[in-house]
Amino acid sequence: MPVDSTELEAKVKAMYRDVAEHPHGEFHFEMGRAMAERLGYRGVDLDRVPPEAIDSFAGVGYYFQLLDDMEGARVLDLGSGSGMDSFIASLITGPGGTVIGLDMTDAQRAKAEALRRRHGVRNVTFVKGYIDAAPFEDGSFDVVISNGVINLAVDKPKVFEEAARLLRPGGRLALADIVTEVALPETISCNATLWAACIGGAWQLERYKQAIESAGLKIMAEQVNEQYRFLSDNAQGATKKFGVKSISLRADKI
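Now for a description of the structure that goes with this document. (Residues numbered from 1 in each chain as written. Predicted model: local features only at pLDDT ≥ 70, side-chain atom pairs only at ≥ 80, totals over all residues. Heavy atoms only, no water.)

### Here we look at the overall build of the protein
Right, on to step 1. Along its length, the protein carries 11 helices and eight strands.
Right, on to step 2. Along the first, second and third principal axes, the C-alpha set of the protein runs to 50 × 40 × 35 Å.
Right, on to step 3. Here the protein, with 254 residues, has 58% of them falling under the buried criterion.
Right, on to step 4. Contacts in the protein between residues far apart in sequence, at least 24 positions, make up 77% of those at least 6 positions apart.
Right, on to step 5. Accessible surface, the protein as shown: approximately 11000 Å² in total, 49% of it carbon and sulfur. (Helix = DSSP H or I, 4+ residues; strand = E, 2+ residues; numbered from the N terminus. Buried < 20%, exposed > 50% of the residue type's maximum accessible area, 1.4 Å probe, protein only. Contact = heavy atoms within 4.5 Å. Areas by Shrake-Rupley, 256 points an atom, 1.4 Å probe, with all protein chains shown as cover.)

### A few points about the packing of helix α1 (residues 5-21) against helix α6 (residues 106-118)
Right, on to step 1. Where α1 contacts α6, the two axes come as close as 7 Å, and the packing angle between them is 25°. Relative to α6, α1 is oriented roughly parallel. Side by side, α1 and α6 meet where Y16, R17, V19, A20 and E21 of the first sit next to A107, Q108 and K111 of the second.
Right, on to step 2. Looking at side-chain class alone, the contact of α1 with α6 contains four nonpolar, one polar and three charged residues. (Axes fitted to C-alpha atoms, helices over the stretch in contact; angles between N-to-C directions. Parallel < 35°, antiparallel > 145°, perpendicular 65-115°, else oblique. Nonpolar A, V, L, I, M, F, W, Y, C, P; charged D, E, K, R; others polar.)

### Considerations on the side chain of K156
Right, on to step 1. Among the structural elements, K156 can be located in helix α7 (residues 156-166).
Right, on to step 2. No salt bridge is formed by the buried K156. Its closest oppositely charged neighbour is D177, at 7.0 Å.
Right, on to step 3. Polar side-chain contacts of K156 include one of 3.3 Å to the backbone oxygen of N151.
Right, on to step 4. Polar side-chain contacts of K156 include one of 2.7 Å to the backbone oxygen of A153.
Right, on to step 5. Excluding residues that lie within four positions of it along the chain, K156 makes contacts with I150, N151, W195, G201 and W203. (Lys, Arg positive; Asp, Glu negative; His and termini not counted. Salt bridge = Lys/Arg side-chain N within 4 Å of Asp/Glu carboxyl O. Polar contact = N/O pair within 3.5 Å; in protein donor to acceptor, adjacent residues only side chain to side chain.)

### Considering the nonpolar core
Right, on to step 1. Counting 60 residues, the largest nonpolar core has Y16, F29, Y41, F64, M84, I145 and F230 as the members making the most contacts within it.
Right, on to step 2. Among the elements that line this core, the one with the most residues is α1, at five residues.
Right, on to step 3. Ignoring any residue separated from it by four or fewer positions in sequence, one finds Y41 in contact with A36, L46, F57, G61, Y62, Y63, F64, M84, D85, I88 and N147.
Right, on to step 4. Counting 32 residues, the second-largest nonpolar core is a separate cluster that includes L78, V144, A163 and A215. (Core = buried A, V, L, I, M, F, W, Y, C linked by side-chain atoms within 4.5 Å.)

### Regarding α1
Right, on to step 1. With 17 residues, α1 should cover 24 Å at 1.5 Å per step; its first-to-last C-alpha distance of 24 Å lies within 8% of that length.
Right, on to step 2. Looking only at α1, the buried set comprises L8, V12, M15, Y16, V19 and A20. Considered in projection along α1, the buried side chains sweep an arc of 140° and stay on one side of the axis.
Right, on to step 3. Lining the buried residues of α1 we find α6 and α9 (192-196). (Expected span 1.5 Å × (residues − 1). Arc of directions from axis to C-beta.)

### Description of the pattern of salt bridges
Right, on to step 1. Here the structure, examined in full by the defined rule, presents 19 salt bridges.
Right, on to step 2. Its salt-bridge partner being R165, residue D138 comes within 2.7 Å of it at the nearest N-O pair. Pair noted here: D138 is in the loop between β3 (124-128) and β4 (141-147) and R165 is in helix α7, with a separation of 27 residues, a long-range link.
Right, on to step 3. D138 sits in the exposed class, given a relative accessible area of 57%.
Right, on to step 4. Using a relative accessible area of 25% as the deciding quantity, one classes R165 as partly exposed.
Right, on to step 5. It is possible to trace a salt-bridge network through shared partners that takes in R33, E37 and D47.

### Here we look at the packing of aromatic side chains
Right, on to step 1. For the coordinates displayed, the defined rule picks out 11 aromatic pairs.
Right, on to step 2. Taken together, a centroid distance of 5.9 Å and an interplanar angle of 55° make the contact between Y62 and F64 tilted. There is no split in this pair, since Y62 and F64 are both buried.
Right, on to step 3. On the basis of an interplanar angle of 85° and a centroid distance of 5.4 Å, the ring pair of Y228 and F230 is categorised as edge-to-face.
Right, on to step 4. Classification of F230 as buried rests on a relative accessible area of 5%.
Right, on to step 5. If you follow R207 out to its NZ or CZ, it ends over the ring of W203, 3.6 Å from the centre. (Phe/Tyr/Trp six-rings, centres within 6.5 Å; stacked < 30°, edge-to-face > 60°. Lys NZ or Arg CZ within 6 Å of the ring centre and 35° of its normal.)

Shown next, in the form of structure tokens:
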């Protein structure tokens, strides 16, 4: 039986509303600046990002080092949350670039937009929407990024097909996400609460990469993010038993 998509959406929105509004609460996963720096984010970049966005950063890896020159690029951030990666991308693209953060959770998007206005960030926009049905024209972006989000999607192939549609020829997808070494049993993969915690929806790595390439993207680079770790006992148990881990990768639209 597949996970109940309506229940899953409600649980994901509730969890990430808490991430936006109560970032120092208890979660299955780690958040904040210390974790971001451990994953590879540069302190000099984080110093230029609204600290409240960093507090609610729930990403699982660093991937910007996998991208070539992004100056002036048009960037889409799938599942942008409270905006940390979108703000980082805006620094890298420079004033000639544009960044759009797409997120379905109102509280996350409202927080990101308030921070954008307060800090006078002019080349970033935050838009409401779903990562498997983005409201943009074909070929609108040079780069699509995503961090710890696609594992939450019920239809992952559709998300990768959407990323491929949105990229121009030669465009680049760069992401970090949670995957597994072996397929998860139904007791986990059908549990909406564990999906919302970034565990239950994780796909086996080879299946995940095949979905990317089936969408018309070619994987160019990948790495395991050894510095990422879950916090709760349940999540740590799944990590050991099923090889749940974080990866970063880049795939190009040929």
